[in-house]
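# Observations on the three-dimensional arrangement
Each chain, letter by letter, is given below.
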Amino acid sequence: MTSARRPADRRGRLPARADVVVVGGGALGASVAFHLAEDGVDVLLLEADELASGSSGKPIGGVRAQFSDPANVDLGDRSLDLYEDFANRPGADIGLQQPGYLFLLPDADDVALFEESVAMQNERGVASRMLGRDEVRRLNPYVDADRYAGAAYAARDGFAYPQAVVEGYAAGAERHGATVRTHVTVQDVETRGDAVVAVWTSQGRVRTGAVVLCTGAWTRDLATKAGLDLPVDPYRRQIGFTPRLDPAPPRIPFTIDYGTTFYFHNAEPGGLLLGIADPATPIAFERTYDPAWLPLLRGAIGGCAPGLTDVPVARGWAGLYEMTPDHNALIGEATGVPGRVLYATGFSGHGFLQAPAVGEVVRDLYAGRTPAIDVSGFSADRFGDDDDEPTPPTGTTDTTTPTTRPGRRGPEANII
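Just so it is clear, the model here is predicted, and its values are computed rather than measured.

Sheet architecture is open: 8 strands sit in the order β5-β6-β4-β13-β14-β15-β12-β16, paired in mixed fashion. The open sheet is flanked by β5 (128–131) and β16 (315–323), the only strands paired with a single partner. Across the sheet, the axes of successive neighbouring strands diverge by a mean angle of 20°, strand direction being ignored. In this sheet, strand β6 (residues 150–154) lies alongside β5 in antiparallel orientation, the contact comprising 4 bridges. Along β6, the bridge assignment pairs methionine 130 with alanine 152. Sitting on the sheet, helix α7 (residues 294–304) is in contact with β4 (101–105), β13 (254–257), β14 (263–267) and β15 (271–276), with an inclination near 110° to β15.

Under the criterion given, the structure shown has 25 salt bridges. For the salt bridge of glutamate 174 with arginine 10, the shortest nitrogen-to-oxygen distance reads 2.8 Å. Linking glutamate 174 in helix α5 (residues 162–175) with arginine 10 in the segment before β1 (17–23), this pair joins segments that are 164 residues apart in sequence. Assessed through its relative accessible area of 3%, arginine 10 is described here as buried. Across the salt bridge formed by aspartate 326 and arginine 382, the nearest N and O atoms sit 2.8 Å from each other. Separated by 56 residues along the polypeptide, aspartate 326 in the loop between β16 and β17 (330–333) and arginine 382 in the segment after α8 (351–367) bring together distant segments of the chain. Under the relative-accessibility criterion, arginine 382 is labelled partly exposed at 24%.

Tallied over the full model, the rule gives 13 aromatic pairs. On the numbers, 5.4 Å between centres and 35° between planes, the contact of phenylalanine 34 with tyrosine 169 is tilted. Of this pair, phenylalanine 34 sits in helix α1 (residues 27–38) while tyrosine 169 is found in helix α5, placing the two residues 135 residues apart along the sequence. Using a relative accessible area of 2% as the deciding quantity, one classes phenylalanine 34 as buried. Its relative accessible area of 2% is what places tyrosine 169 among the buried residues. Above the face of the phenylalanine 67 ring, arginine 64 is positioned so that its terminal group lies 4.5 Å from the ring centre. Sitting above the plane of the tyrosine 321 ring, arginine 237 keeps its charged end 4.6 Å from the centroid.

Before going further, it helps to examine α7. Residue pairs three or four apart in sequence face the same way in an α-helix, which turns once every 3.6 residues. By the burial criterion, the buried members of α7 are Leu294, Leu297, Ala300, Ile301, Gly302 and Cys304. Packing partners of the buried residues in α7 comprise β4, β13, β14 and β15.

Our focus in this paragraph is the nonpolar core. Residues Val22, Leu75 and Ile331 are the most contacted members of the largest nonpolar core, which totals 75 residues. Here this core takes 8 residues from α1, the largest share from any one element. When residues no more than four places from it in sequence are discounted, the contact partners of leucine 75 are Ile331, Gln354, Ala357, Val358, Val361, Ile373, Val375 and Phe378. Ala18, Val189, Val206 and Ala223 belong to the second largest nonpolar core, which has 27 residues in total.

Segments scoring low in pLDDT should not have their predicted coordinates read at a detailed level. Of all residues in the protein chain, 90% attain a pLDDT of 70 or more, and the chain-wide mean is 90. Note that residues 1–5 has pLDDT below 50 and, in this model, 16 contacts with residues that lie over four places away or in other chains. When the criterion is pLDDT under 50, residues 387–409 qualifies, and its contacts beyond four places in sequence or with other chains add up to 73 contacts.

With omega at 10°, the peptide bond leading from arginine 89 into proline 90 counts as cis. Looking at the secondary structure, you find proline 90 in the loop between α2 (70–84) and β4. For the bond running from aspartate 246 to proline 247, omega is 5°, close enough to zero to count as cis. The residue histidine 327 is not glycine, and still its phi comes out positive at about 65°. Within the secondary structure, histidine 327 sits in the loop between β16 and β17. For serine 348, which is not a glycine, the phi torsion comes out positive at approximately 60°. Relative to the helices and strands, serine 348 is located in the loop between β18 (340–345) and α8.

What counts and what doesn't
- Residues numbered from 1 in each chain as written.
- Predicted model: local features only at pLDDT ≥ 70, side-chain atom pairs only at ≥ 80, totals over all residues.
- Heavy atoms only, no water.
- Pairing = 2+ DSSP bridges.
- Helix = DSSP H or I, 4+ residues; strand = E, 2+ residues; numbered from the N terminus.
- Axes fitted to C-alpha atoms, helices over the stretch in contact; angles between N-to-C directions.
- Contact = heavy atoms within 4.5 Å.
- Salt bridge = Lys/Arg side-chain N within 4 Å of Asp/Glu carboxyl O.
- Buried < 20%, exposed > 50% of the residue type's maximum accessible area, 1.4 Å probe, protein only.
- Phe/Tyr/Trp six-rings, centres within 6.5 Å; stacked < 30°, edge-to-face > 60°.
- Lys NZ or Arg CZ within 6 Å of the ring centre and 35° of its normal.
- Core = buried A, V, L, I, M, F, W, Y, C linked by side-chain atoms within 4.5 Å.
- pLDDT = per-residue confidence, 0-100.

Laid out in structure tokens, this is it:
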């Protein structure tokens, strides 16, 4: 895979002012900065570490439009459009591969739910479809298809390389006049009357009239300083990589067991990436890889792809999911606080795949335009005082969406 370009050294003095300060240098912050700068806004993007050092800084990120509510479908579908055109705008090779996403459905209730979701996706232009066992075997010969009641598949879905996406957006933002600075911590948001007037950082004060929080798992503290309650909590996710396999794996879809959350797909060179969500994971900023998760992983592999049960796991890593109580994003402009504070955070595993479209949405919200995608259901106002206790994320936890009733499960179950 070819990266967007060699990452630049973005340490340096801060400008005295900027129209907008975007906080957080992951896929979302970089996308927001690019789209604002392209729109003629004077942008300062600040990252406390290196770009893509948080939840975006992992080797592979899934991209898809298979969800159970229209807003998530539209964000995923528009983002696929933008990822497919990334080489032209902003201009970078992101290693996009589109072998499809294959959801394996354990029982008849899951099949009925996905049939409903697929029908809605088709109405919105997403070419997803339900599959029988023979088609599952053809797409992924590792899967024991007889163990599943059905499957759902969309051929356009796939994965790309988050670090290349972040660097591509950051470099594109700079070409449009934005300033990008790393190793700068935002410590406070200064207001005066009903206006934001500055941010205070580890390198001093920067005057600004607006702040966009794209701070992922680290959102709660800074949001509080800006007068906001954004219920986002960190949960560790782990994945493992096999060594090169002999024979080499065939090209397979991004395959997910909807019952256990086990997922796997191709990984370079000639191996597989394996992952699963651990329902016992506590809320914590813990990013240390722990091989104690392997028995859980192998148990799930045995139920889905028995031939891979004993495949060696050569290495692995851990990262953070930024979870909200209903496993859906927080997107919007704050109400009831001084000045202009916008936010795009809490994507619960969907941030990378929705980042391009969300960049467009935040650009339009800042400009006072109506976004092409209705994100009103993602407002933080949907959470009341008694609603912000986090639900431990598992692939079978009930998922509330902005447009459906509590208790609904669907393809947005936070698996990846």
